[in-house]
Amino acid sequence: MSEYNDFTIIGTTGFGESGSSALTNILEEFECVSTVIGGATFECKFFSNNLFQLETALRNELFVNAAVKEMLYQAKLASNDQFYITNFGKDFFFNSTMEYIKTVTGSWLGGMYSERDADLIPKEEIKNFKRARFLFDNLYKNKYELYEQYYWRPSFQTLTEQYYGKFDNEFYKKTQAYTSKIFTPIAQNKRFILVDALFRPESVIHELNWFLNAKCLIGDRDPRDLYVINKMYKGEPYLPTWTVETYIDWFKTYRSCNRRNAEHFDTILQLKFEDLIYNYEGSLAKIKKFLDLKDSEHIKKGQIFIPEKSKTNTQLFRKYPKYAKDIEKIEKELPEFCYPYSETQTRHFLPEEIKGENRETLEDIRKTVCIFQKTGKLPFSNKQGAFLFSKLGELIQNFKDRKTIFSKIKGIIKLILFFPYYLADFYKQLKFLNEYQTKNKDKVVEFK
């Protein structure tokens, strides 16, 4: 393990599909930056997802055990994730998290009552629980002597570590020691460690307290493009683009942190995705000044982030006239977020590039599937649906994945041998669809 601790952690982040990965790509081009393996494809959200809950619980002296168990559970999951294993080692991450928890909380051996307890107790110990309860009942033999108005007798619960604690002045110091220990092996004697999605824009001011030396770069995107991209291409359910009214309200709410973040200009830099492309050198100068980067350290300039290529991901709202009225509303309600393209920067799409009104979007597909989830209604016949969901449909679908004659013959033999079972499963699926649709025939699905 490297003993070099004089590094600064750079966290790049955004609001979801807002172009923050471009910031990661630019910083990867500097030789003084050690990037966690995975770069922009590894979103390291463990700390923002768990430390905030832990700190909140300790400050309120409420639900501390639940917050600790959730953090340990997530650390356990992370320790089995390939990105975490590659960057931190399989046992190092969980063990370091456990050691940290012991420094900020107290504990006792108490009865299991947290929903995560069973996920943290060894499986063999869980299997032994019934035997332990039987042993308790055998040894107890009605020894209770206190008066109770109603009949009561003690019972045995599985015992496991239970945590308690409160926030104190040492919390940040201990947390910084923990995060420094986690990231030190990645430093590789470089000035910076780059981690994608380490912070959340809404709470980054607070989250920076968890790291000894850290800075954050936040990327954002023109709301017109974000709206259209999600409708046409992404279909991400965490972006509320069902209606433009909800989208505008959501956008305003989440960007309300921008003004607060701007006050912390020494540790937080906010940049537009479009500026990284149309004002590349100006944006680069801001990044270099913010992090005190030297031109000589930019050894891969233009090799990872290529503005001309990324330009194709801008102004896409101009390609879809079907959303023209929605775009007008966005421009009216969110003018300060819409990028002010100059005439020379404006993209002019050819008539054949303009997408028609009837083109099916990813959001259309999501709507169809959501309606099915809630009501069972299908875009085709129930028989076709039953075939799709049955083992028979699955087997036939798999035929296209069978590349050799031998594998295809095996599939045919399997179909013949188990045909009665497949047929029964088909009718089972058909029955379910008919019953589910009847039960939910009056249900209305609102997309808002």
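Residues numbered from 1 in each chain as written. Predicted model: local features only at pLDDT ≥ 70, side-chain atom pairs only at ≥ 80, totals over all residues. Heavy atoms only, no water.

A.B. asks: Help me understand the layout of surface pockets, please; the structure alone is not making it clear to me.
C.D. replies: The gaps of empty space that remain are located by a probe, the size of a water molecule, rolled over the atoms. In this structure, the largest pocket spans a volume of roughly 870 Å³. F15, G16, E17, S18 and Y238 are, among the 36 residues lining the largest pocket, the residues nearest its centre. When residues of the lining of the largest pocket are traced back to their parent elements, those giving at least two are α1 (20-27), α2 (46-60), α11 (223-234) and α12 (244-254). For the lining of the largest pocket, the per-class residue count stands at 16 nonpolar, 12 polar and 8 charged. Contributing to the lining of the second largest pocket are 16 residues, with R255, N258, R259, Q270 and F337 lying nearest its centre. (1 Å grid on protein atoms, 1.4 Å probe; cavity = no way out; pocket = protein on both sides within 12 Å on 5 of 7 lines; lining within 4 Å. Points joined across faces, edges and corners; volume = space filled by probe spheres on them. Helix = DSSP H or I, 4+ residues; strand = E, 2+ residues; numbered from the N terminus. Nonpolar A, V, L, I, M, F, W, Y, C, P; charged D, E, K, R; others polar.)

A.B. asks: Explain the pattern of salt bridges here, please?
C.D. replies: Oppositely charged side chains may form a pair once their charged atoms are brought near each other. This structure, assessed with the given rule, holds 19 salt bridges. Linking E297 and R191 is a salt bridge whose minimum nitrogen-to-oxygen distance equals 2.9 Å. With a gap of 106 residues between them, E297 in the loop between α15 (280-291) and α16 (307-310) and R191 in the loop between α9 (171-187) and β5 (192-196) connect regions that are remote in the sequence. A relative accessible area of 10% places E297 in the buried class. The class for R191 is partly exposed, based on a relative accessible area of 27%. Overlapping salt bridges, with partners in common, bring together E70, R116 and D119 in one network. (Salt bridge = Lys/Arg side-chain N within 4 Å of Asp/Glu carboxyl O. Buried < 20%, exposed > 50% of the residue type's maximum accessible area, 1.4 Å probe, protein only.)

A.B. asks: Which parts of the structure should I look at to understand the environment of A386?
C.D. replies: Note that A386 resides in helix α19 (residues 382-389). Between the C-alpha atoms of A386 and N440, which are 54 residues apart in sequence, the distance is 18 Å. Beyond its immediate chain neighbours, meaning those up to four positions away, A386 contacts F426, Q429, L430 and L433. (Contact = heavy atoms within 4.5 Å.)

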